[in-house]
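Structure at a glance
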Number of protein chains: 2
Amino acid sequence: MASSTLNEPAGPSIKTEVPGPRGAAAQRKLDVVLDARTVNIVCDYESSHGNYLVDVDGNTYLDAYSQIASIPVGYNNPRLRAAATSEEMISSMINRPATGFFPRQDYAQILEQGVLKVAPPGMPHVWMATSGSDANEGAYKAAFIWYRRRKTWTDEENKSCMLNQSPGSPNLAILSFGSGFHGRGFASLSTTRTKVTHKMDIPAFNWPQAQFPKLKYPLEQFKEENRKEELRSLEEVKKILDSWHCPVAALVVEPIQSEGGDNHASPDFFRGLQEITKKRGMAFIVDEVQTGVGATGKFWGHEHWALSSPPDIVTFSKKFQAAGYYFSDPEFRPEVPLRLFNTWLGDPCRAILAKAIVEEIEANNLIKLAEEVGGYLMGKLRDLAKAAPESFGNLRGQGTIIAWDLSSTEQRNKVVSALRGRGVIVGTSGDVAIRVRPMLVFEKKHADILLSALEEVIKAEGKVSNAAARL
Amino acid sequence: MASSTLNEPAGPSIKTEVPGPRGAAAQRKLDVVLDARTVNIVCDYESSHGNYLVDVDGNTYLDAYSQIASIPVGYNNPRLRAAATSEEMISSMINRPATGFFPRQDYAQILEQGVLKVAPPGMPHVWMATSGSDANEGAYKAAFIWYRRRKTWTDEENKSCMLNQSPGSPNLAILSFGSGFHGRGFASLSTTRTKVTHKMDIPAFNWPQAQFPKLKYPLEQFKEENRKEELRSLEEVKKILDSWHCPVAALVVEPIQSEGGDNHASPDFFRGLQEITKKRGMAFIVDEVQTGVGATGKFWGHEHWALSSPPDIVTFSKKFQAAGYYFSDPEFRPEVPLRLFNTWLGDPCRAILAKAIVEEIEANNLIKLAEEVGGYLMGKLRDLAKAAPESFGNLRGQGTIIAWDLSSTEQRNKVVSALRGRGVIVGTSGDVAIRVRPMLVFEKKHADILLSALEEVIKAEGKVSNAAARL
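Our subject in this report is the structure included herewith. As the structure is a computational prediction, the values presented were derived from the model and not from experiment. (Residues numbered from 1 in each chain as written. Chains lettered and ligands numbered in written order. Predicted model: local features only at pLDDT ≥ 70, side-chain atom pairs only at ≥ 80, totals over all residues. Heavy atoms only, no water.)

With respect to the interface of chain B and chain A
Taken together, the contact pairs 119 residues of chain B with 120 residues of chain A. Counting the surface lost from both chain B and chain A, the interface buries some 11100 Å², and carbon and sulfur atoms represent 58% of this. Contact with chain A buries area across many residues of chain B, yet B:Phe102, B:Phe186 and B:Asp201 alone supply 7% of it, more than any other trio. The partner of A:Arg148 in a salt bridge is B:Asp201, with the nearest N and O atoms 2.8 Å apart. Connecting chain B to chain A are 75 residue pairs in polar contact (both at pLDDT 80 or more). Of all the elements, helix H4 (residues 87-94) of chain B adds the most residues to the side of chain B that touches chain A, at seven residues. (Contact = heavy atoms within 4.5 Å. Buried area = accessible area lost by both parts, 1.4 Å probe. Salt bridge = Lys/Arg side-chain N within 4 Å of Asp/Glu carboxyl O. Polar contact = N/O pair within 3.5 Å; in protein donor to acceptor, adjacent residues only side chain to side chain. Helix = DSSP H or I, 4+ residues; strand = E, 2+ residues; numbered from the N terminus.)

Listed below in structure tokens is the structure:
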């Protein structure tokens, strides 16, 4: 048993309604000072351990959602605790540097022993942001500057950019995919295409979207149809790029569309995308905010593609416990300094934590574990799907990033809620999918608990459906 | 002597060239993994105390720039250290919550005892971001949603917003001022108007700028001229708002333009701006990222204006040690939840630190100190300016936010560099200004050290100028 799961309870235990009376009261209190209408569970983090989250009413949940795919190595992980109480952490917390001007003396070392240790080959440069959205927007800025790479500018450019006008502020675009999610800043939201509530009323850049391939699952069963669908999508991308009202400087894509429905595509598709960007002198940006840091069974989701050369930029965040980063080819460093800059340029505290996360992953071989447990869970889910296909539509997964569809949004939400009532937390993705996003310390025994709860819920739902049918 | 300055050295001490050999080597090492061309000083934060920053070569500086106006209560402040080692901090660091869904049980309390304790009257709601830029962009989104406040949308709006097209993605603008700085995200950069290097090559929204009043200093000597200039600016604002190609949903302004030249305006001007926004149903956003948290001698810069009603939104960040926040009228909470949302919704670690910062400020009456020391420093600088007016052009200040102009960018940079060689760090603002941005624990004795160093530099520069004149 790894130290990360040492203090775990034997299983979930639900003592009250969810939310319980204390949770409901805490939510009401919070709602006075901020918008707490979205709150699901008010948590007692100090009592939570490993894969188990405890709420303020004393209920214990198996957490297979991990704070929206973010907790990497379990709650109250001892190695992370050691990092959090280290002198370098305390000092970085109370003496936060404006890193671009006044960095810590050990900053290069923290990065080298942390995120850079797991950098994809050919991407030795790192840029640190404060969130996944911020990492994507930094990547977009780097791509625009790279696309127009010049050291000097004309008077007209100098004047016009101060007025937000072309040619200084150029008409340049980023292409993204329908149902892709890349964040909620103004530029990242312009590339996000998941929900009306995200985008409505917010001014957006006139940037193009292509339809992401709509594949049939299981993938191995529909190889030929899926190949055609991916070729269709690649052709659409080319057509858009060659006819858009302005040059498209970059293309951004998730290895798995992880918010907009858990949509997969094949390595061939992604290799095709990279080829398209190369031929057109565009940047190929891979958004690994949700797929990065091991969940797919490899450290980076794009490692599954066997690309002939690295992506230009890879953005990431969640499982490194926020902050945000991108790796890039050194070519994406602007020729003139101070152009990609801000006061903080990241947060050394989070870089120190990332170092401990890398150490914990390596010490316990957690990427391998994610691959194994993901495979185990998928196998068992396939069995469940055979018995109750209507409850497991389009079952799909890579590593522990697993999802399936229900017949409607209402039905999906009912299952998620019923699971929660049995002490198991999973998330939703797109309109009708349930998404499983466990931590990297999720073992077969945890998978079994999730599976049992699912079986119970399906049985109970079956009764509900039958009861409804009798009416 | 307050505990925050307890371990301070007696004064600056410079032992090597700046940067010294270790600093230069550390910068070269850092430049391999990220863009370190902007680095000024590589720091030994663990050896830094109170107002004194120590570098990796053992040089000790009096820091009157404070990590770009950000360190609030001194390096290695004991109360902040206690907060950084508290159980709530450790837990928040290693169990970072997706706050919108799964908040900490004590989150309301942390905010109430921290940032909300110092909220301006009439602004009981807080939104937490990850940086000043992010706080401004959150505020802009809130303003756009508020401006179009509706609960339901048409089919056309639903479809068009997913394509980044009007009417769903509306043509709406934010007005900002020339030489204003509001951050470097895509929307915040569209309102930033300071430097070509910030804006060049980055797509921008077609949003308007008005010219900030160009006042003459000292303000009390040019009251009538300045009043006319401010009226001119207010008229320009009205003209732009009434003729812009699209509705302008909000106006954003800094109490002192703190990056674009330290430009001041009178309370009358700001009251005039608020009146303009009220008449037009726009949001009045005050960007206090640099002026907030006491530096002006009041907790918030806008408290100097005696507004008849609170601003709609006040954004802030730096002196609360990053993260970012805005306070707002409850009216700015969207009618539909999940519209202003992201995975983290801030960072409880920084909210816990903010609580300690508020406690330290209150326990030591540090706002009062900033007012007093600012007044003392301004008085002494006026004396220096009388003796050497060409070295202290347009001396201006409020609290400890103080600046003056040199004759050229080159001359300004020479003085900043000469001060640094004497162990005193100040910053630059706009093209020709030196900006002083000490911490709130900056006392008269520290001001005296800054003043002595300035006198020495001016004398030495005088010799240089005389020498040059003789050629």
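Next comes the rest of the description.
Topic: the pairing of strand E2 (residues 60-63) of chain A
Residue and element names in this part refer to chain A. Alternating positions in E2 separate into two faces, Thr60 and Leu62 on one and Tyr61 and Asp63 on the other, with burial throughout. Judged from the three bridges that link them, strand E1 (residues 52-54) and E2 form a sheet pairing that is antiparallel. Its bridge partner lying in E2, Leu53 is registered against Tyr61. Once E1 ends, the chain turns through five residues before running back antiparallel as E2, passing Gly58 with a positive phi of about 85°. (Buried < 20%, exposed > 50% of the residue type's maximum accessible area, 1.4 Å probe, protein only. Pairing = 2+ DSSP bridges.)

Concerning the sheet that holds strand E10 (residues 393-398) of chain A
Residues and elements named next belong to chain A. Spatially, four strands are ordered E10-E11-E14-E13 in an open sheet, and the strand pairing comes out antiparallel. In this open sheet, the two edge strands, each paired with only one partner strand, are E10 and strand E13 (427-429). Strand-to-strand twist in this sheet, taken as the mean axis angle between neighbours without regard to direction, amounts to 25°. Sheet strands touched by helix H14 (residues 409-421): E13 and strand E14 (433-436). Its angle to E13, the strand with the most contacts, is close to 160°. (Axes fitted to C-alpha atoms, helices over the stretch in contact; angles between N-to-C directions.)

Comments concerning the side chain of B:Ser91
Inspection of the secondary structure puts B:Ser91 in helix H4. With a relative accessible area of 0%, B:Ser91 lands in the buried category. With near-sequence residues (within four places) excluded, B:Ser91 lies in contact with A:Tyr45, A:Glu46 and B:Arg104.

Some thoughts on the side chain of B:Arg96
Here B:Arg96 is to be found in the loop between H4 and helix H5 (107-113). The buried charged residue B:Arg96 lacks any salt bridge partner; its closest oppositely charged side chain belongs to B:Asp347, at an N-O distance of 4.0 Å. Once residues within four sequence positions are removed from consideration, B:Arg96 is found in contact with A:Gln67, A:Ile71, A:Gln321, A:Ala322, A:Ala323, A:Arg350, B:Trp344, B:Gly346 and B:Asp347. (Lys, Arg positive; Asp, Glu negative; His and termini not counted.)

Some details on the nonpolar core
Judged by nonpolar contacts, the single largest core of 262 residues is most densely connected at A:Phe320 and B:Phe320. For this core, the element with the highest residue contribution is helix H13 (residues 366-387) of chain B, accounting for ten residues. Setting aside chain neighbours within four positions, we find A:Phe320 in contact with A:Val115, A:Val118, A:Val293, A:Phe299, A:Trp300, A:Tyr325, A:Ala354, A:Ile357 and A:Val358. Core analysis: the second largest hydrophobic core is formed by 29 residues, A:Val424, A:Val426, A:Ile434 and A:Leu450 among them. (Core = buried A, V, L, I, M, F, W, Y, C linked by side-chain atoms within 4.5 Å.)

Examining the environment of B:Gly297
All names here are of chain B. Note on placement: Gly297 falls in the loop between strand E7 (283-287) and strand E8 (313-316). Note on Gly297: relative accessible area 11%, which makes it buried. Ignoring anything within four residues of it in the chain, the contact list for Gly297 reads Ile367, Glu371 and Gly399.

With respect to the packing of helix H10 (residues 223-243) of chain A against helix H11 (residues 267-279) of chain A
Residues and elements named next belong to chain A. Between H10 and H11, the least distance of the axes is 10 Å, while the angle of their chain directions is 15°. The orientation of H10 relative to H11 falls into the category roughly parallel. Judged by the sense of rotation from one axis to the other, the crossing of H10 with H11 is right-handed. Where H10 approaches H11, its residues Glu230, Ser233, Leu234, Val237, Lys238 and Leu241 are matched on the opposing element by Phe269, Gly272, Leu273 and Ile276. (Parallel < 35°, antiparallel > 145°, perpendicular 65-115°, else oblique. Left-handed = near helix turned anticlockwise from the far one by under 90°.)

Structural notes on the packing of aromatic side chains
Between two aromatic rings, the relevant description is the distance of the centres plus the angle of the planes. Overall, the coordinates contain 54 aromatic pairs over all chains when judged by the stated rule. Aromatic side chains A:Tyr65 and B:Phe102 sit 6.4 Å apart centroid to centroid with 75° between the ring planes, which places their arrangement in the edge-to-face category. Placement of the pair is A:Tyr65 in the loop between E2 and helix H2 (66-69) and B:Phe102 in the loop between H4 and H5, with the two residues belonging to separate chains. Classification of B:Phe102 as buried rests on a relative accessible area of 2%. Aromatic side chains A:Phe205 and B:Phe205 sit 4.1 Å apart centroid to centroid with 15° between the ring planes, which places their arrangement in the stacked category. One end of the pair, A:Phe205, is in the loop between helix H9 (196-199) and strand E5 (209-210); the other, B:Phe205, is in the loop between helix H9 (196-199) and strand E5 (209-210), on a second chain. When sorted by exposure, A:Phe205 lands in the same class as B:Phe205, which is buried. In textbook terms, an aromatic cluster arises when at least three aromatic residues are bridged by ring pairs, as seen for A:Tyr140, A:Phe144, A:Phe186, A:Phe205, A:Trp207, B:Tyr140, B:Phe144, B:Phe186, B:Phe205 and B:Trp207. Of note, A:Arg396 hangs over the ring of A:Tyr217, and the distance from its end group to the ring centre comes to 5.3 Å. (Phe/Tyr/Trp six-rings, centres within 6.5 Å; stacked < 30°, edge-to-face > 60°. Lys NZ or Arg CZ within 6 Å of the ring centre and 35° of its normal.)

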